[in-house]
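Commentary on secondary and tertiary structure
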Amino acid sequence: MAQWTSAVGPAQLARQLQAQQPRPAGPGARKPPAYRALADGIRLLVLEGRVPVAARLPAERELAVALTVSRTTVAAAYEALRSEGFLESRRGAGSWTAVPAGNPLPARGLEPLPPEALGSMIDLGCAALPAPEPWLTRGVQGALEELPPYAHTHGDYPAGLPALRQMLADRYTARGIPTMPEQIMVTTGAMGAMDAICHLFAGRGERIAVESPSYANILQLMREAGARLVPVAMSEGLGSWDLGRWRQVLRDAAPRLAYVVADFHNPTGALADEDQRRQLVEAARSAGTVLVVDETMTELHLDDDVDMPRPVCAFDPAGSTVLTVGSASKAFWAGMRIGWVRAAPDVIRSLVAARAYADLGTPVLEQLGVNWLMRTGGWEEAVALRRDQARENRDALVTAVRRELPEWEFSVPRGGLTLWVRTGGLSGSRLAEAGERVGVRVPSGPRFGVDGAFEGFVRLPFTVGGPVADEAAARLAAAARLVESGAGGGAEPPRSFVA
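Notes on the structure follow. As the structure is a prediction and not an experimental result, all values here were calculated from the model.

Of all hydrophobic cores here, the largest spans 53 residues; its most connected members are Trp241, Trp246, Leu291, Phe332 and Trp379. In terms of residue count, the dominant contributor to this core is helix 13 (residues 364-376) (6 residues). With residues near it in sequence (within four places) discarded, Phe332 still touches Pro132, Trp135, Leu136, Leu373, Trp379, Ala382 and Arg386. Counting 41 residues, the second-largest nonpolar core is a separate cluster that includes Leu129, Ala390, Val421 and Val442.

Our next topic: the pairing of strand 7 (residues 207-212). With 5 of 6 residues buried, strand 7 is to be regarded as a mostly interior element. Inspection of the sheet shows strand 7 paired to strand 8 (residues 228-233) by 6 bridges, in the parallel sense. Within strand 8, the position partnered with Ser212 by the bridge is Ala233. For the crossover from strand 7 across helix 9 (residues 216-224) to strand 8, the handedness is right-handed. Where strand 7 meets strand 9 (residues 257-260), 3 bridges bridge the pair, whose relative direction is parallel. Bridged to Ile208 within strand 9 is Leu257.

Evaluated as defined, the whole model comprises 6 aromatic pairs. Arranged with centres 5.7 Å apart and planes meeting at 15°, the rings of Phe332 and Trp379 form a pair that is stacked. Here Phe332, found in the loop between strand 11 (322-327) and strand 12 (339-342), pairs with Trp379, found in helix 14 (residues 378-404); they are 47 residues apart in sequence, far enough to count as distant. A relative accessible area of 0% places Phe332 in the buried class. Ring-pair connections join several aromatic residues into one group, and the members of that group are Trp420, Phe448, Phe454 and Phe457. The aromatic ring of Trp135 is capped on one face by Arg138, whose charged end is 4.6 Å from the ring centroid. A cation over a ring is seen here: Arg342 above Tyr172, with NZ or CZ 5.8 Å from the ring centre.

Before going further, it helps to spend a moment on unusual backbone geometry. The omega angle of the peptide bond from Ser212 to Pro213 is 10°, so this bond is cis rather than trans. Locating Pro213 in the fold gives a position in the loop between strand 7 and helix 9. In this model, Asn266 is joined to Pro267 through a cis peptide bond whose omega is 25°. Mapped onto the elements of the fold, Pro267 is located in the loop between strand 9 and helix 11 (274-287). Here Ala254, not a glycine, exhibits a phi torsion of approximately 45°, which is positive.

Rules of the game
Residues numbered from 1 in each chain as written. Predicted model: local features only at pLDDT ≥ 70, side-chain atom pairs only at ≥ 80, totals over all residues. Heavy atoms only, no water. Core = buried A, V, L, I, M, F, W, Y, C linked by side-chain atoms within 4.5 Å. Buried < 20%, exposed > 50% of the residue type's maximum accessible area, 1.4 Å probe, protein only. Helix = DSSP H or I, 4+ residues; strand = E, 2+ residues; numbered from the N terminus. Contact = heavy atoms within 4.5 Å. Pairing = 2+ DSSP bridges. Right-handed = clockwise from strand over helix to strand, strands pointing away. Phe/Tyr/Trp six-rings, centres within 6.5 Å; stacked < 30°, edge-to-face > 60°. Lys NZ or Arg CZ within 6 Å of the ring centre and 35° of its normal.

Now the structure itself:
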């Protein structure tokens, strides 16, 4: 029986390898042999999680043709990977990726570190902040007080609690978007909303247009749903969408879905203006594409003078083109797994019907907690605390990175939770690998792209501030020095750091 669970084609692997930046050579260093460079490239893809563990690799001859190298080079690279524990083979079954005994499996998304690892590792992988107390506790207490009537029911509300659906509809109406509760479905986080949307609208093999870069976990969800991702490059800096590129992709590729983050984009922090929103809705409507708009960052404007544009759905009054996804996870707390979809009533009915086969509903107690917070004004108080904390963290991290790594380039976003950083020509994947050795966990740019794009970037979230931000920047600088020197390992383990 074969030991592999997926396969990587020769063309796909060649694209990913060719997108990697070469490791900078130290003074007087020799260029590594071709087989060694190939083995290092494949090993890095496995460690980065962009080639899954237990994925069957192409046959030696196939990969040699795709890379235009000799079969001997590929055979030597595979043998080196086998000797290091990153490849296993069996006659008749081929070769598949592995990790050496004792090594953790690479994360395929951006999962948070387990609590026991936080003493020695600074986690910049997950863009999530601690709960804004005392509002989490108050919300849970309020939910418990309102729970008894619901405890006498079956507890399954596939579309969400009627009270919360009404509350969310009223909040959209207050933003100038008349909304009925029949246009709302409550989900288990924004990921639950996106999963339901993808399964309803984008079956296996369907095209989905995505910003490039885009949110890594959503890209992975779409890949696992079998979608064919069509990247659309963003403008430089914080300019947001390139409407010319969007029109071309929507016209030529005719994707079934398009996924965008208009408000403080993850990872770049860009904010789309009203004219861009209007034009993108018009282009999607003309192409027959359903436009999914992620609003999870919309309340996180960090500067007082930010003039927030109208929601994208304001430019789709008939509700035939735009689906809006919201969530409590970023604005309030990631542990509060409440999300929602706003769409036309017939779309909501279809989403609810499709959901029954995978997810009967969202936890009642958490829905009651969010509803209590929104009804009492606690939500606004909590989000104000979240903005203050994110703003302080942003300013501290920007100052620390500019001091420790002045050659790194970025624009400071006016909202959201992330900084998108160009790493001065260094490989983001190698920085992430070196960062694990010096005690800072950072996601590299390719996690946010399609087929190896953005190798020269990393994403830094506003999750640490004060002395921890200073220490994080110092450790990133240490990781950069390791990459620049071409060091292969053996770095001094990080000291415990608690703040």
